[in-house]
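In case you want the letters, here they are:
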Amino acid sequence: MADLIVISFDTESEAEGAYNQVLQLQEDLVVELAGLALVKVDGEGKTHVETPGPVGKIGLGTASGALFGTLLGILFFIPIFGLVVGGLFGGLFAGLDKTGVNAEFRERVRSTVSAGKSAIVLYATKLTEDKFSAALAPYNGTVVQTSLSADDEHALAHDLTASK
């Protein structure tokens, strides 16, 4: 079971502080990450994504990295309206809607991480919730979270490779 967690912040500095704290929590073994990104949405609504540098620092495998990258793209870069559900992404979206990353979750993320806000996005395979929450509480974030079972992850990875 993996958790996809999006924490939205009103300021870039809060998000950056929380991002650095998550990296420290990874080193302290409070959280085991399969993906981490800092997302900044400027005043015009343009999204900018930063990741923590070398992949080895987070422990992404090729499949997990591709899945996390795709989830980031779906959450922040694919427009809500005007989507062509057929073609390349049809199967992927059909698969997503059967998991915790369904249309409702995606809409909650988009409404929480709006123009002028920043967020951290974590894909955690292990999490000590009380220590994690206590460490991030000072940054005043708004949490949107869902879980993916191992079966969900495998199905999404399959849908991802089938859409290429």
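## So, the overall build of the chain
Looking only at helices and strands, one finds six helices and five strands in the chain. Beginning at the N terminus, the succession of helices and strands in the chain can be written as β-α-β-β-α-α-α-β-α-β-α. A sequence separation of at least 24 residues applies to 81% of the contacts in the chain between residues at least 6 apart. Carbon together with sulfur atoms contributes 55% to the accessible area of the chain, which is approximately 8,300 Å² in total.

## A short note on the nonpolar core
The biggest cluster of nonpolar side chains holds 22 residues, and the ones touching the most others in it are Leu4, Val6, Phe76, Phe105, Val109, Val121 and Tyr123. Of all the elements in the fold, those that place two or more residues in this core are β1 (2-9), β2 (31-41), α2 (62-76), α4 (103-112), β4 (118-127) and β5 (142-148). For this core, the element with the highest residue contribution is α2, accounting for six residues. Setting aside residues up to four positions removed in sequence, Phe76 forms contacts with Val6, Val39, Thr47, Val109, Val113 and Val121. Phe9, Leu25, Leu122 and Phe132 belong to the second-largest nonpolar core, a separate cluster that totals 20 residues.

## A short note on unusual backbone geometry
Its identity is not glycine, yet Leu29 carries a phi of approximately 65 degrees, on the positive side. Within the secondary structure, Leu29 is located in the loop between α1 (12-27) and β2. Located in the positive-phi region is Asn140, a residue other than glycine, with phi close to 55 degrees. Within the fold, Asn140 resides in the loop between α5 (129-136) and β5.

## Structural notes on the confidence of the model for the chain
Low-confidence regions, as indicated by low pLDDT, have predicted coordinates that should not be scrutinised in detail. Per-chain confidence: the chain averages 78 in pLDDT, with 71% of residues scoring 70 or above. When the criterion is pLDDT under 50, residues 80-93 qualifies, and its contacts beyond four places in sequence or with other chains add up to 15 contacts.

## Quick look at the environment of Gly17
Inspection of the secondary structure puts Gly17 in helix α1. With relative accessibility at 18%, the residue Gly17 sits in the buried group. Sequence-wise, Gly17 and Tyr139 are 122 residues apart; in three dimensions their C-alpha atoms are separated by 7.2 Å.

## Brief notes about the pattern of salt bridges
All chains considered together, the criterion is met by four salt bridges. Note that Glu16 is salt-bridged to Lys40, the shortest N-O span being 2.7 Å. Here Glu16, found in helix α1, pairs with Lys40, found in strand β2; they are 24 residues apart in sequence, far enough to count as distant. Look at Glu16 and you get partly exposed, because its relative accessible area is 29%. Salt bridges sharing common partners tie together Glu12, Glu16, Lys40 and Glu50.

## Things to note about the packing of α1 against α5
Relative to each other, α1 and α5 sit at 150 degrees, their axes nearing to 10 Å. Of the two elements, α1 crosses α5, and the hand of that crossing is right-handed. Here Ala18, Gln21, Val22 and Leu25 of α1 come into contact with α5, specifically with Phe132, Ala135 and Leu136.

## Some points on α4
Residues of α4 that are buried: Phe105, Arg106, Val109 and Thr112. Along the axis of α4, the buried positions cluster into a sector of 135 degrees, meaning they face one direction only.

## A closer look at the sheet that holds β2
Spatial ordering of the open sheet is given by β3-β2-β4-β1-β5, a layout of five strands whose pairing is antiparallel. At either margin of the open sheet sits one strand with a lone partner, and together these are β3 (47-50) and β5. Neighbouring strand axes in the sheet, compared pairwise and without regard to direction, differ in orientation by 20 degrees on average. Where β1 lies against β5, seven bridges are found, and the strand directions are antiparallel. Counted as the bridge partner of Ser8 is Thr142 from β5. Against the sheet, α4 touches β1 and β5, its axis set at about 155 degrees to β5. Sheet strands touched by α5: β1, β2 and β4. Its angle to β4, the strand with the most contacts, is close to 160 degrees.

Parameters at a glance
Residues numbered from 1 in each chain as written. Predicted model: local features only at pLDDT ≥ 70, side-chain atom pairs only at ≥ 80, totals over all residues. Heavy atoms only, no water. Helix = DSSP H or I, 4+ residues; strand = E, 2+ residues; numbered from the N terminus. Contact = heavy atoms within 4.5 Å. Areas by Shrake-Rupley, 256 points an atom, 1.4 Å probe, with all protein chains shown as cover. Core = buried A, V, L, I, M, F, W, Y, C linked by side-chain atoms within 4.5 Å. Buried < 20%, exposed > 50% of the residue type's maximum accessible area, 1.4 Å probe, protein only. pLDDT = per-residue confidence, 0-100. Salt bridge = Lys/Arg side-chain N within 4 Å of Asp/Glu carboxyl O. Axes fitted to C-alpha atoms, helices over the stretch in contact; angles between N-to-C directions. Left-handed = near helix turned anticlockwise from the far one by under 90°. Arc of directions from axis to C-beta. Pairing = 2+ DSSP bridges.

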